[in-house]
Amino acid sequence: MRISVPATVLLVAALVSSGCTRSAQSAEEDHAGHDDSAAPSAAASSAAVADTTLPASGDEAMARLAASPRHAEWAMVPMENGDSTRVWVVYPERREKAPVVVVIHEIFGLSPWIRAVADQLAAEGFVAVAPDLLTRFDVPGSPDNPDASAARAAIRNVSMDDMNRQVSAVARWAMALPAALPQYGVVGFCWGGGASFSHAVFNAPNLKAAVVYYGTSPETSQLSRVQVPVLGLYGGNDARVGATIPPADSAMKAMGKTYEHHEYAGAGHGFLRQQDGQNGANLTATRQAWPATIAWFKRYLQ
């Protein structure tokens with residue numbers, strides 16, 4: 001991957017070395033049974049690695065990032081309250097301006113896997129930007145690979161209001177890039193999946209679509225504020241998250257809003273990262289969910 005290192009990366013290093021809401025317990029529960037580690041042991045993992053039309057699985061993220069031909073860089077995005085959010089932005093290889101997709105990370109922070117997902121979105125023709133919503137916290141680990149346990153602890157302090165503030169600012173920054181069109185979508189995973197649905201409730205200007213990967217749905221009382229189409233992608237073996245789907249579906253339908261959801265039989269929570277899990281069901285789910293994601297964004301982001 002061609003990575004430019006502007007002056008902003010020096011500021012990033014300094015920051016890292018120095019240091020509707022949901023509860024802290026809710027953040028932990030969003031990853032019940034979901035490990036950030038990768039254990040490549042099955043043939044399914046090899047099959048996933050071979051298919052570069054899909055995002056990398058967790059264990060292949062670093063290698064896929066290193067092999068990517070796309071231009072990517074770090075940047076710092078100023079917030080209205082005077083602080084900043086660090087972002088990883090990847091540009092598509094195309095001549096025309098492209099829509100923006102903001103990638104909301106899991107409770108593990110802005111990991112190499114999330115950056116690899118952003119790279120795959122850029123491969124599909126989007127300007128992909130992944131914000132580090134834990135920028136202001138002193139999370140140990142290297143700037144591009146935070147310590148997962150520390151990130152889990154820090155994310156308890158990130159409310160949905162704060163998440164929406166950061167995502168909105170990052171989206172405005174990204175849409176102002178010379179390569180970008182003035183519209184964006186959001187996609188998130190686990191904690192970030194719930195955050196993506198919450199951002200649809202937030203209804204920021206120029207937001208056109210949201211995709212939710214195995215994240216809990218907002219309270220039905222909040223759904224009247226949703227003005228964009230929402231796609232939900234869930235593991236069939238994820239009962240806790242699955243229990244929040246029917247109320248959201250009923251409420252969205254009653255209000256005439258677009259909420260399309262798919263539950264993949266046998267797949268578990270976190271299936272896109274853990275593609276070698278659940279005896280092949282996670283990879284099967286990935287092969288269906290990722291094309292659905294791209295089709296959703298291509299349909300609603302023009």
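Predicted, not measured: the structure shown is a model, and the values here were computed from it.

Rules behind the numbers
Residues numbered from 1 in each chain as written. Predicted model: local features only at pLDDT ≥ 70, side-chain atom pairs only at ≥ 80, totals over all residues. Heavy atoms only, no water. Helix = DSSP H or I, 4+ residues; strand = E, 2+ residues; numbered from the N terminus. Buried < 20%, exposed > 50% of the residue type's maximum accessible area, 1.4 Å probe, protein only. Areas by Shrake-Rupley, 256 points an atom, 1.4 Å probe, with all protein chains shown as cover. pLDDT = per-residue confidence, 0-100. Contact = heavy atoms within 4.5 Å. Expected span 1.5 Å × (residues − 1). Phe/Tyr/Trp six-rings, centres within 6.5 Å; stacked < 30°, edge-to-face > 60°. Lys NZ or Arg CZ within 6 Å of the ring centre and 35° of its normal. Salt bridge = Lys/Arg side-chain N within 4 Å of Asp/Glu carboxyl O. Core = buried A, V, L, I, M, F, W, Y, C linked by side-chain atoms within 4.5 Å.

1. Brief notes about the overall build of the chain
Right, so step 1: Tallying secondary structure elements over the chain gives 11 helices and 11 strands in all.
Right, so step 2: Going through the 302 residues of the chain one by one, you find that 57% of them count as buried.
Right, so step 3: Working note: accessible area of the chain is about 11600 Å², and carbon and sulfur atoms make up 52% of it.

2. Digging into the confidence of the model for the chain
Right, so step 1: Overall, the prediction assigns the chain a mean pLDDT of 88, with 83% of residues at 70 or greater.
Right, so step 2: The low-confidence segment residues 2-25, where pLDDT is below 50, has 41 contacts with residues more than four positions distant or belonging to other chains.
Right, so step 3: Note on residues 37-49: pLDDT is under 50 here. Beyond four places in sequence and across chains, it has 22 contacts.

3. What about helix 8 (residues 191-202)?
Right, so step 1: For helix 8, which comprises 12 residues, the first-to-last C-alpha distance of 16 Å matches the rise-based estimate of 16 Å (1.5 Å per residue) to within 8%.
Right, so step 2: A large share of helix 8 lies buried, amounting to 11 of its 12 residues.
Right, so step 3: The complete set of buried residues in helix 8 reads W191, G192, G193, G194, A195, S196, F197, S198, H199, A200 and V201.
Right, so step 4: N203 sits one or two residues past helix 8 and shows a positive phi near 60 degrees.

4. Comments concerning the environment of V228
Right, so step 1: Within the secondary structure, V228 is located in the loop between strand 9 (207-213) and strand 10 (230-237).
Right, so step 2: Along the sequence, V228 and G185 sit 43 residues apart, while their C-alpha atoms lie 9.4 Å from each other.
Right, so step 3: With residues near it in sequence (within four places) discarded, V228 still touches A200, L207, K208, A209, A210 and T258.

5. Description of the packing of aromatic side chains
Right, so step 1: By the definition in use, this model includes 11 aromatic pairs.
Right, so step 2: Where Y264 meets F271, the ring centres are 5.8 Å apart and the plane angle is 80 degrees; that geometry is what we call edge-to-face.
Right, so step 3: Against the face of W88 rests R115, its NZ or CZ located 4.6 Å from the ring centre.

6. Quick look at helix 7 (residues 160-175)
Right, so step 1: Look at helix 7: 22 Å from first C-alpha to last across 16 residues, which is about the 22 Å you get at 1.5 Å a residue.
Right, so step 2: With 12 of 16 residues buried, helix 7 lies mostly within the body of the structure.
Right, so step 3: Where helix 7 is concerned, the buried positions are M160, D162, M163, N164, Q166, V167, S168, A169, V170, A171, A174 and M175.
Right, so step 4: On the buried face of helix 7, the contacting elements are strand 2 (71-78), strand 3 (84-90), strand 4 (98-104), strand 5 (127-132), strand 8 (180-189) and helix 8.

7. What to know about the pattern of salt bridges
Right, so step 1: This structure, assessed with the given rule, holds 11 salt bridges.
Right, so step 2: A salt bridge links E96 to R94, with the shortest nitrogen-to-oxygen separation between them at 3.9 Å.
Right, so step 3: Through salt bridges with shared partners, a single ionic network connects D83, R136, D162 and R165.

8. Observations concerning the nonpolar core
Right, so step 1: By size, the foremost hydrophobic cluster in this structure holds 56 residues, and its most contacted members are V100, M163, Y184, W191 and V230.
Right, so step 2: Considering each element in turn, this core owes the most residues, eight residues, to helix 7.
Right, so step 3: Among all residues touching M163, those that are not within four sequence positions of it are I104, L133, V158, W191, A195, S198 and H199.

9. Section: unusual backbone geometry
Right, so step 1: Located in the positive-phi region is Y214, a residue other than glycine, with phi close to 40 degrees.
Right, so step 2: Relative to the helices and strands, Y214 is located in the loop between strand 9 and strand 10.
Right, so step 3: Given a relative accessible area of 0%, Y214 falls into the buried group.
Right, so step 4: One non-glycine residue, Q278, lies in the positive phi region at around 55 degrees.
Right, so step 5: Tracing the sequence through the fold places Q278 in the loop between strand 11 (259-268) and helix 11 (281-300).

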